[in-house]
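Overview (structure and organization)
Listed below are the residues making up each chain.
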Amino acid sequence: MKYAACFLVTTALFVCLLPLGATTQQQSPFQYQIEKTLIAKRGAVVSAHPLASQAGLSILQKGGNAIDAAIATQLALAVVYPNAGNIGGGGFMVAQLKNGKQLALDYREKAPAKAHRDMYIEADGTANTDKSQQGHLSSGVPGTVAGLFAAHQYGKLPFKLLIAPAIALAEKGFVITAAEARGLNNLKSDLKKYNTQTPAFIKDGEWKAGDTLVQTDLANTLKRIRDNGQAGFYAGPTADLIVAEMQRGGGLISKEDLLAYTAQYREPHRFQYKEYSVVGMPMPSSGGVLLHQMLKMIEDRSIASMGFHSPDAVQLMTEVMRRAYADRAAYMGDADFYKVPVKQITDDSYLTQRMKSFVAGKPTPSNELQPGAVAGYESEETTHLSVIDKNGNAVAVTTTLNNSYGSRTVVGGAGFLLNDEMDDFSIKPGVPNMFGAVGGEANAIQPGKRMLSSMAPTLVLKKGKPYLIVGTPGGTTIPTQIFQTLVNILEFGMSAQDAVYKPKFHHQWLPDELVLEKGFPDNTKTALQKMGYKFGKERGGIGRTELILVRPDGRFEAIADKRGDDSAAGY
Ligand code: DON
């Protein structure tokens, strides 16, 4: 399925950028199409932006493997999808290589050395979420560039080839869509407020669809990374620019923090669901464990017979979500700093016990599971990409700046946005973060600690081979969405496209409310209301899931979420 998203440009610009269009369809970045679904034989990439998917595809076609393509796609996203694609943030990669080796790479941001537990607490004891959510003080030490280089040891092509599409897109620019123009226009006042120098994202007048965004400073930063490797970011001029920006804006990241940053390979969080093996991200992501808990709590309950979106199925899944998220708040955090009882809370008998209080047709009030504060939600932005190649290397990456456009602070002279990931810590016990999530000791701020995440890049294997490669943005809704996408396919027998596109719902224990996505069936909502469920504000869209399903004949079915400009590419 193709959605035209072509832009009229002057012939001069079109011609000047044509060499960039190293794609199957001979498109230039100035004239691209959004492909929502495709079937491919030799390789597929699906990401939040068509130009990024094309960058990944071009690498596969040059002989790169799925890891190479995932690196190139992330770098391109850092240019064409500044909401969430980044070099100033962090992320996770879960992969299975063709030889069966499984990887879980953690390049989540870390709290700077000068960070401390009460850094967002004002003199009167209140927690200042403005400071944890915007501006210089909200940024953790970025991990993305270290992550890309750590991943690259499993790639085949030279890094300079992988970064080339991103450099070209930054240097020569790309045409923005209506959604991107809207995003940049909405951002303008924040950009003015939180920047010490004028970034490329600020334009005199309004951005509109078809405008070209050129990012010269970012291109130069990417060239330093190309020429000097990881040190092109964590040392030398880029590090100097980051530290100077911190000093101008009262942030904490120091040269030492940057030099000390390392990405970390971890043991994936693995579990079995019926005949499928699920491979997910361990701490400091809550994603793998939450998915484990939620799937195991429904495994023996014949959910397929209840029917998709039936009140019974939605109620069961809601209660399962509530229980898992109560555990998230109490127990989960960076396991390098806090002893997370992963084994205990994923143990079958523990989960059976956890469901003892479940009553079909009746809500379990959250305050009877665990006490805590209640809060609303805000907007959200992260991005996921899924890649597979002809040899069966499968890669799922979720990466983020946290909020859309992160801290809103662009490093002066270096052209990239910094994250506001510090807000993912529990800045004060019981004070909700921007996703309404609460936490305590397990996720308290400590120097060098990684903040708890919900990002959940996930692989599902059938007989040991990749079957589903999936992930999504959406803050705390990430694990519940992946849960639903998997249940839709594995239990309700839904097509890959329907599994992604059908309306989703979300419950996270606190606030004690069920959030529905637009289009959710009214009769089910009414039935749940009668059972006693309270509803949060309906959401226009929940997440942006990127899914690749390997069909029985070995072909790849790639689904880009309809909820954004997301696009698939393959050959
Ligand atoms: O790591 C996390 O859980 C959040 N920082 C993710 C943010 C996010 O997904 C925003 N996206 N829509």
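Everything quoted here is computed from the prediction, not taken from an experiment.

**As for the overall build of the chain**
Across its full length, the chain carries 20 helices and 20 strands. For 571 residues, the compact-globule estimate of 2.2 N^0.38 gives 25 Å, and the chain sits close to it at 22 Å. When its C-alpha atoms are laid out on the principal axes, the chain stretches across 65 × 60 × 45 Å. By the burial criterion, 65% of the 571 residues in the chain qualify as buried. Counting only contacts in the chain whose residues sit at least 6 apart along the sequence, the fraction spanning at least 24 positions is 73%. Looking at the chain as shown, the accessible area adds up to about 19600 Å², and 51% of this sits on carbon and sulfur atoms.

**A look at the site of the ligand**
Around the ligand, the surrounding shell holds 16 residues, and the nearest of these are Glu 381, Thr 382, Asp 424, Ser 453 and Gly 475. Here Ser 454 contributes a backbone N or O atom positioned 2.6 Å from an oxygen atom of the ligand. For the ligand, whose accessible area on its own is 340 Å², the fraction buried by protein is 98%. In the shell around the ligand, the residues fall into four nonpolar, seven polar and five charged.

**Re the nonpolar core**
With 84 residues, the main nonpolar core has Leu 291, Met 294, Leu 295, Ile 298, Leu 468, Phe 483 and Leu 486 as its most contacted residues. Val 79, Val 145, Leu 169 and Met 246 belong to the second largest nonpolar core, which has 82 residues in total.

**Looking at helix H12 (residues 287–298)**
Between the first and last C-alpha of H12 there are 17 Å, a value that for 12 residues agrees with the 16 Å anticipated at 1.5 Å per step. Taking burial as the measure, the 12 residues of H12 include 12 buried ones, the bulk of the element. Those residues of H12 that sit buried are Gly 287, Gly 288, Val 289, Leu 290, Leu 291, His 292, Gln 293, Met 294, Leu 295, Lys 296, Met 297 and Ile 298.

**Description of the sheet that holds strand S11 (residues 276–280)**
Taken together, the seven strands give an open sheet; going across it, the order is S3-S19-S18-S15-S14-S11-S10, and neighbouring strands pair in antiparallel fashion. Edge strands, defined here as strands with exactly one partner in the open sheet, are strand S3 (37–40) and strand S10 (269–273). Each strand axis lies, on average, 20° off the axis of its neighbour in the sheet, ignoring direction. Here five bridges tie strand S14 (residues 458–462) to strand S15 (residues 465–471), and the two strands are oriented antiparallel to one another.

**Side note on the side chain of Lys 296**
Mapped onto the secondary structure, Lys 296 falls in helix H12. Of note is the side chain of Lys 296, whose polar atom sits 2.6 Å from the backbone oxygen of Gln 272. Discounting chain neighbours no more than four positions away, the residues touching Lys 296 are Phe 271, Gln 272, Asp 348 and Leu 351.

**Topic: the packing of aromatic side chains**
A full pass over the atoms with the stated rule returns eight aromatic pairs. Their ring planes at 20° and their centres at 4.0 Å tell us that Phe 149 and Phe 159 sit as a pair that is stacked. You can see Phe 149 sitting in helix H5 (residues 144–152) and its partner Phe 159 sitting in helix H6 (residues 159–172), a full 10 residues away along the chain. Grouping aromatic residues by their ring pairs yields a cluster made of Phe 233, Tyr 234, Tyr 261 and Phe 416. Above the ring of Tyr 467, the side-chain terminus of Lys 462 is found at 4.2 Å from the ring centroid. Between the NZ or CZ atom of Lys 525 and the centre of the ring of Phe 535, over which it lies, the distance is 5.1 Å.

**Some details on the packing of helix H2 (residues 50–61) against helix H3 (residues 66–80)**
At a minimum axis separation of 8 Å, H2 and H3 run at an interaxial angle of 150°. In terms of their interaxial angle, H2 and H3 are classed as roughly antiparallel. Crossing geometry of H2 relative to H3 is assigned as right-handed. Counting all contacts with H2, which are made through Leu 51, Ala 52, Ser 53, Ala 55, Gly 56, Ile 59 and Leu 60, the residues of H3 involved are Ala 66, Asp 68, Ala 69, Ala 72, Thr 73, Ala 76, Leu 77 and Val 80.

**Here's the deal with the sheet that holds strand S5 (residues 90–96)**
Within the open sheet, the seven strands sit side by side as S9-S6-S5-S13-S12-S4-S20. Their pairing is antiparallel. Lying at the two open borders of the sheet, with one neighbouring strand each, are strand S9 (264–266) and strand S20 (567–570). Looking at each pair of strands side by side, their axes are set apart by 15° on average, direction ignored. Where strand S6 (residues 102–107) and S9 come together, three bridges link them in antiparallel fashion. Within the sheet, the bridge partner assigned to Leu 105 lies in S9 and is Tyr 265. Helix-sheet contacts for H2 involve strand S4 (43–47), strand S12 (382–389) and S20, and the interaxial angle to S4 is about 155°. Its contacts with the sheet place H5 against S5, S6, S9 and strand S13 (394–400), and it is angled at close to 155° to S6.

**Structural notes on a positive patch on the surface**
Together, Lys 41, Arg 42, Lys 98, Lys 156 and Lys 390 give the surface a local cluster of positive charge. With respect to the element layout, Arg 42 can be found in the loop between S3 and S4. Of the residues examined, Arg 42 reaches a relative accessible area of 45% and is grouped as partly exposed.

**Comments concerning the pairing of S10**
Only one face of S10 is buried, namely the one carrying His 269, Phe 271 and Tyr 273, since none of Arg 270 and Gln 272 on the opposite face is buried. Linkage of S10 to S11, two consecutive antiparallel strands, is achieved through a turn of two residues, within which Lys 274 is found at a positive phi near 50°.

**Regarding H2**
In this model, H2 (12 residues) spans 16 Å end to end at C-alpha, consistent with the 16 Å of a helix rising 1.5 Å per residue. The element H2 is largely enclosed, with a buried count of 11 among its 12 residues. Where H2 is concerned, the buried positions are Pro 50, Leu 51, Ala 52, Ser 53, Gln 54, Ala 55, Gly 56, Leu 57, Ser 58, Ile 59 and Leu 60. Residue Gly 63 follows H2 closely and has a positive phi angle near 100°.

**Focus on unusual backbone geometry**
The residue after Met 283, namely Pro 284, is reached through a cis peptide bond having omega 15°. Looking at the secondary structure, you find Pro 284 in the loop between S11 and H12. Following Leu 510, the chain continues into Pro 511 via a peptide bond in cis, with omega recorded as -5°. Here Pro 511 is to be found in the loop between strand S16 (505–506) and strand S17 (515–516). At Ser 302, a residue that is not glycine, the phi angle is positive and equals roughly 50°. Classification of Ser 302 as partly exposed rests on a relative accessible area of 47%. Phi angles above zero are rare outside glycine, and Tyr 405 is one such case at about 60°. If you trace the backbone, Tyr 405 turns up in the loop between S13 and S14. Residue Tyr 405 is classed as buried on the basis of its relative accessible area of 4%.

Thresholds applied
Residue numbering note: each chain is counted from 1, following its sequence as written. The model is predicted, so local features are restricted to residues of pLDDT at least 70 and side-chain atom pairs to those at 80 or more, both for listing and for counting; the totals for chains, interfaces and linings are taken over all residues. Remark: hydrogens and water are excluded; side-chain values derive from all non-hydrogen atoms of the structure. Numbering of helices and strands runs from the N terminus; a helix is a DSSP stretch of H or I covering at least four residues, while a strand is a stretch of E covering at least two. With the radius of gyration taken over C-alpha atoms, the globule rule is written as 2.2 Å times the number of residues to the power 0.38. Residue burial is assigned from relative accessible area. The probe radius is 1.4 Å, only protein chains are included, and a residue is buried under 20% of its type maximum, exposed over 50%, and partly exposed in between. Contact criterion: two residues are considered in contact whenever any of their non-hydrogen atoms come within 4.5 Å of each other. Here the open area of atoms and residues is found with the Shrake-Rupley method and a 1.4 Å probe, where only the protein chains shown may cover a residue. Being near a molecule or strand, for a residue, means having at least one of its heavy atoms within 4 Å of it. Nitrogen and oxygen atoms within 3.5 Å of one another constitute a polar contact, given that in protein one can donate a hydrogen and the other can accept it, and given that sequence-neighbouring residues count only through two side-chain atoms. In this classification, Asp, Glu, Lys and Arg are treated as charged, Ala, Val, Leu, Ile, Met, Phe, Trp, Tyr, Cys and Pro as nonpolar, and every other residue, Gly included, as polar. Each nonpolar core is a collection of buried residues, namely Ala, Val, Leu, Ile, Met, Phe, Trp, Tyr and Cys, held together in the definition by side-chain atoms within 4.5 Å. One fewer than the residue count of a helix, multiplied by 1.5 Å, yields its expected span. Strands qualify as paired when DSSP identifies two bridges or more between them. Every axis corresponds to a line fitted to the C-alpha atoms, with the helix fit spanning only the stretch in contact, and the corresponding angles, defined between N-to-C directions, vary from 0 to 180 degrees. Only Phe, Tyr and Trp rings take part, Trp by its six-membered ring, and two of them pair if their centres are within 6.5 Å. Stacked means planes under 30 degrees apart, edge-to-face means over 60, and tilted covers everything else. Working rule: Lys NZ or Arg CZ, within 6 Å of ring centre, within 35 degrees of ring normal, means a charge sits over the ring. To sort the angles, those under 35 degrees are grouped as roughly parallel, those over 145 as roughly antiparallel, those from 65 to 115 as roughly perpendicular, and the leftovers as oblique. By convention the crossing between two helices is left-handed if the near helix lies anticlockwise of the far one by an angle smaller than a right angle, and right-handed if it lies clockwise. Two distance rules govern patches: like charges are joined within 9 Å, and nonpolar side chains (Val, Leu, Ile, Met, Phe, Trp, Tyr) within 5 Å, applied only to residues with over 30% relative accessible area and no salt bridge. Each salt bridge in this description consists of a side-chain nitrogen of Lys or Arg and a carboxyl oxygen of Asp or Glu lying within 4 Å of one another. Only four residue types enter the charge count: Lys and Arg as positive, Asp and Glu as negative, with His and the chain ends excluded. Here the site of a charge means NZ on Lys, CZ on Arg, CG on Asp, or CD on Glu.

Everything listed here is a matter of coordinates, which is why it stays silent on function.
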